[in-house]
Amino acid sequence: MRKAGLAPPHRGWLFRLLWPVTSSLVTNVTVTFLWVLFFVLNRTTVIGRKHVGQKRNTLLLSNHQSMLDSFLVGLGAFYPQSWWRPHLIPWNPAAAENFYRTPILAWLADNWKCISVRVGRRDLHALHRMIEVLPHGVMTLFPEGTRTRDGSVGPGQAGPGLLILATRARVIPVSIQGMREVLPIGKQVPRIFKRITVTYGPPVDYTEFLALPRTRETAQTLVDRVMAAIRAQQGLPSHP
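Asks: Mind laying out the overall build of the protein, listing which residues take part and the relevant values?
Replies: Counting its secondary structure elements, the protein contains eight helices and seven strands. On C-alpha atoms alone, the protein measures out to a radius of gyration of 17 Å, which is about the 18 Å that the 2.2 N^0.38 rule sets for 240 residues. For the protein, with 240 residues in total, the buried portion stands at 49%. Across the protein, the fraction of contacts at a sequence separation of at least 24, relative to all contacts at a separation of at least 6, is 76%.

Set out below in structure tokens:
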């Protein structure tokens, strides 16, 4: 992967020393520009922000419509507080083929708190990294694993369920609508004058799953519950 340019390059001691500052600065500057895109050039409505809170070990699980979704989810939940509370800047597992193609993109992705996930998505190294960092902060994750092509909310994968069971995170279901029109698959330039809605639901209660064996089947059933909550926020049937 590193030879193909699809993994984070090795970062030296100076990068690691400065990373807490550069990560906060780069992410907040990026999000400020995107705030203009979402709230000035487009019309964005945020619903249920009060459900998110500001606690660590919070996992925002969302449907997926565009390459900008992770910025929208984090911005809607925590901006502008993220300027003076950097731990609220979410970690973002990110497709290596999209975010680690070039050295510049890889540097930006590292500072956006991206965790490189290789093609195929069953990346145990990435999962272990998520388990390591989530208890100390916030994370945005898209259980479908890929962007929708028709606007529907597809089935979730078991990986996020394993992450939840390992960390006992506070799980917030997030529904995005309208981002497919802002940045369709295959397009590089966002469109303007569109309507966007991001809805944060109440935390998902999964207490009964903690007493079950920590298997892929248990994880999948847990993720199915979260996906049902996301569909309900969009007024869709519980099953895809």
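Let's pick the thread back up.
Asks: Help me get a handle on helix H6 (residues 159-167), residues and values and all.
Replies: Most of H6 is tucked away, with seven of its nine residues classed as buried. Looking at the buried residues of H6, the elements they touch are strand S2 (58-62), helix H5 (124-133), strand S5 (138-141), strand S6 (170-177) and helix H8 (216-233). Among the residues trailing H6, Arg-168 stands out with phi positive, at a value near 55 degrees.

Asks: How would you summarise the pattern of salt bridges if you had to cite specific residues and measurements?
Replies: Considering all chains together, one arrives at four salt bridges under this definition. One salt bridge in this structure joins Arg-11 and Asp-110, with 2.7 Å as the shortest N-O distance. Separated by 99 residues along the polypeptide, Arg-11 in the segment before helix H1 (13-41) and Asp-110 in helix H4 (residues 103-111) bring together distant segments of the chain. A residue is classified by how much of its surface remains accessible, and Arg-11, at 18% relative accessible area, is buried. Ionic pairing is found between Arg-129 and Glu-132, a salt bridge with its closest N-O pair at 2.5 Å. Taken together, the residues span about one helical turn, with Arg-129 and Glu-132 both in helix H5 at a distance of three residues.

Asks: So what about the sheet that holds strand S7 (residues 195-200)? Which residues, and what values?
Replies: Sheets are built from strands paired through backbone hydrogen bonds, the pairs being either parallel or antiparallel. Pairing is mixed across the open sheet formed by five strands, whose spatial order is S1-S7-S6-S2-S5. Looking at which strands have only one partner, the edges of the open sheet turn out to be strand S1 (43-47) and S5. For this sheet the average axis-to-axis angle between neighbouring strands, irrespective of direction, equals 20 degrees. Bridge analysis of S6 against S7 gives four bridges, and the strand direction is antiparallel. Across the sheet, the residue bridging to Gln-177 is Thr-197, located in S7. Where H6 meets the sheet, it contacts S2, S5 and S6, and its direction lies at approximately 165 degrees from that of S2.

Conventions adopted
- Residues numbered from 1 in each chain as written.
- Predicted model: local features only at pLDDT ≥ 70, side-chain atom pairs only at ≥ 80, totals over all residues.
- Heavy atoms only, no water.
- Helix = DSSP H or I, 4+ residues; strand = E, 2+ residues; numbered from the N terminus.
- Rg over C-alpha atoms; globule rule 2.2 N^0.38 Å.
- Buried < 20%, exposed > 50% of the residue type's maximum accessible area, 1.4 Å probe, protein only.
- Contact = heavy atoms within 4.5 Å.
- Salt bridge = Lys/Arg side-chain N within 4 Å of Asp/Glu carboxyl O.
- Pairing = 2+ DSSP bridges.
- Axes fitted to C-alpha atoms, helices over the stretch in contact; angles between N-to-C directions.

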